[in-house]
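These are the residues of each chain, in order.
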Amino acid sequence: MTTPKNDKNTRTTGRPTLNEVARLAGVSPITASRALRGVSTVATELVEKVQKAALELNYVVNPAARALASAQSHSVVVLVPSLANLLFIDTLEAIHRVLTPKGFEVLIGNFHYSRDEEENLLRNYMAYQPRGLLLTGFDRTESSRRMIEASNIPCVYMMELDSAAGVNCVGFSQLSAGETAAEHLLSRGRKRLAYIGAQLDQRTLLRGEGFRKALQKAGRYDPDLEVLTPRSSSVGLGGELFLQLLAAHPDVDAIFFGNDDLAQGALLEALRNGIRIPEQVAILGFNDLPMSEHMVPRLSSINTPREAIGRRAAEQMLTLMAGNSVARPVEDMGFELKIREST
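Quick summary incoming for the structure in this document. (Residues numbered from 1 in each chain as written. Predicted model: local features only at pLDDT ≥ 70, side-chain atom pairs only at ≥ 80, totals over all residues. Heavy atoms only, no water.)

Considerations on the overall build of the protein
Helices and strands together make up the secondary structure of the protein, namely 12 helices and 12 strands. Across its three principal directions, the C-alpha atoms of the protein cover 90 × 45 × 35 Å. Counting every position in the protein, which comprises 343 residues, the buried fraction comes to 49%. Taking the intrachain contacts of the protein between residues at least 6 apart in sequence as the baseline, contacts between residues at least 24 apart amount to 69%. Counting only carbon and sulfur atoms, one obtains 50% of the accessible surface of the protein, whose full area is about 16500 Å². Taking the average location of the 38 positive side-chain charges in the protein and that of its 39 negative ones, the two points are 6 Å from each other. (Helix = DSSP H or I, 4+ residues; strand = E, 2+ residues; numbered from the N terminus. Buried < 20%, exposed > 50% of the residue type's maximum accessible area, 1.4 Å probe, protein only. Contact = heavy atoms within 4.5 Å. Areas by Shrake-Rupley, 256 points an atom, 1.4 Å probe, with all protein chains shown as cover. Lys, Arg positive; Asp, Glu negative; His and termini not counted. Charge placed at Lys NZ, Arg CZ, Asp CG, Glu CD.)

Here it is, written out as structure tokens:
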């Protein structure tokens, strides 16, 4: 028995190829590729034909093979510290809405606030030869920094700002946000102000630093009223730390929480324990998560432009991947103090 020769457009594994999808759909391989990547310039009827053919053949795109074949992938890597926190979900959705219609695949990595995990993700994703990197903040290992620099892959940093030459970033001043929080509570006549922060990533620490500086300037800073824990931020933890702080310092009359979920937990415990908000204690959150304006009382918070940051970072990335420089490499998207019933 003789073994039939392999068609140059089929794999020895027997898995369906892009060329087979193209033949079945009656289009060129290039059109099939663009249709499967969601490139908006491909006619709707052709996209439908290609998708139907791919489904019939059980074809699955191999991004690594695509990158090797073209020496350039269509993937953009996005690394975030958490998928449990809604603020990053908003950012990721915005990135998808910008990049996907342009035919790019978004590869998401969650490094759980661990610099070592982020380094491992970077190392693994580099094998896909990504076209771009969208990274959260500037706090990472030295090995990660060298890897990014050596790759020559366009990179945009999100959530923080840095005016260093050659850095493209979209975010806001975490330091200024902390200062604004303190100034708002001081303007309400509060005298014993506390800061409660969890997770202790660089952004949480910067917010605390801004809060501290404003209190020091006003002569109201007490280091005993800073509660910082590396534990994961959550509603439950917020309630727990709130009660512990008041038990140790019953004269505290205002608290700035490093994230809304912590502040929401405090409001629930206050309601449960008959602590009047804001009469006894004013409570201010950060990020203005969706539930905050529905709490009892409604939670005052600093609204952060999560969706806008994701959208603009992705737009910067498109510009860089096209080989062009960004007109404004450092984009401050600002923040907004939302004053509600809790302060």
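Quick look at the packing of aromatic side chains
A full pass over the atoms with the stated rule returns eight aromatic pairs. Geometrically, the ring pair formed by Phe172 and Phe286 is tilted, given 6.3 Å between the ring centres and 40° between the ring planes. Pair noted here: Phe172 is in the loop between β5 (169-171) and α8 (174-187) and Phe286 is in strand β9 (residues 282-287), with a separation of 114 residues, a long-range link. Both residues of the pair, Phe172 and Phe286, belong to the buried class. Considering the side-chain rings of Tyr195 and Phe256, the 5.3 Å spacing of their centres and the 35° angle between planes classify their relative orientation as tilted. Residue Tyr195 is located in strand β6 (residues 193-198), and its partner Phe256 is located in strand β8 (residues 254-257); the two are separated by 61 residues in the primary sequence. Among the residues examined, Tyr195 registers a relative accessible area of 1% and is labelled buried. Relative accessible area serves as the criterion here: at 0%, Phe256 is assigned to the buried category. Aromatic rings pair up to connect Phe172, Tyr195, Phe211, Phe256, Phe286 and Phe335 into one cluster. (Phe/Tyr/Trp six-rings, centres within 6.5 Å; stacked < 30°, edge-to-face > 60°.)

Thoughts on the nonpolar core
The biggest cluster of nonpolar side chains holds 39 residues, and the ones touching the most others in it are Leu99, Leu134 and Phe211. Not counting residues up to four positions away in its chain, the partners in contact with Leu134 are Val76, Val77, Val78, Leu79, Ile95, Leu99, Val156, Met158, Ala313 and Met317. Formed by 23 residues, the second largest nonpolar core is a distinct cluster that contains Leu225, Val252, Ile255 and Ile283. (Core = buried A, V, L, I, M, F, W, Y, C linked by side-chain atoms within 4.5 Å.)

Comments concerning the side chain of Thr91
The topology assignment puts Thr91 in helix α5 (residues 86-99). When its relative accessible area of 1% is taken as the criterion, Thr91 is described as buried. In this structure, Thr91 is in contact with Met158, Met159, Arg306 and Gly310, ignoring residues within four places of it in sequence.

Considering the side chain of Thr204
Within the fold, Thr204 resides in helix α9 (residues 202-218). In terms of polar contacts, Thr204 uses its side chain to reach the side chain of Asp201, at 2.9 Å. Residues contacting Thr204, with those up to four places away along its chain left out, are Tyr195, Gly197 and Ala198. (Polar contact = N/O pair within 3.5 Å; in protein donor to acceptor, adjacent residues only side chain to side chain.)

With respect to the pairing of strand β10 (residues 300-303)
With four bridges joining them, β9 and β10 adopt parallel strand pairing. Bridging across to β10, Gly285 finds its partner in Ser301. With three bridges connecting them, β10 and strand β12 (residues 336-338) associate as antiparallel partners. By the bridge assignment, Ser301 is partnered in β12 with Lys338. (Pairing = 2+ DSSP bridges.)

With respect to the pattern of salt bridges
In the structure shown here, the tally under the stated rule is 21 salt bridges. Arg192 is the partner of Asp222 in a salt bridge, and the nearest nitrogen-oxygen pair spans 2.9 Å. With Asp222 in the loop between α9 and β7 (226-229) and Arg192 in the loop between α8 and β6, this pair connects stretches of sequence that are 30 residues apart. A residue is classified by how much of its surface remains accessible, and Arg192, at 22% relative accessible area, is partly exposed. (Salt bridge = Lys/Arg side-chain N within 4 Å of Asp/Glu carboxyl O.)

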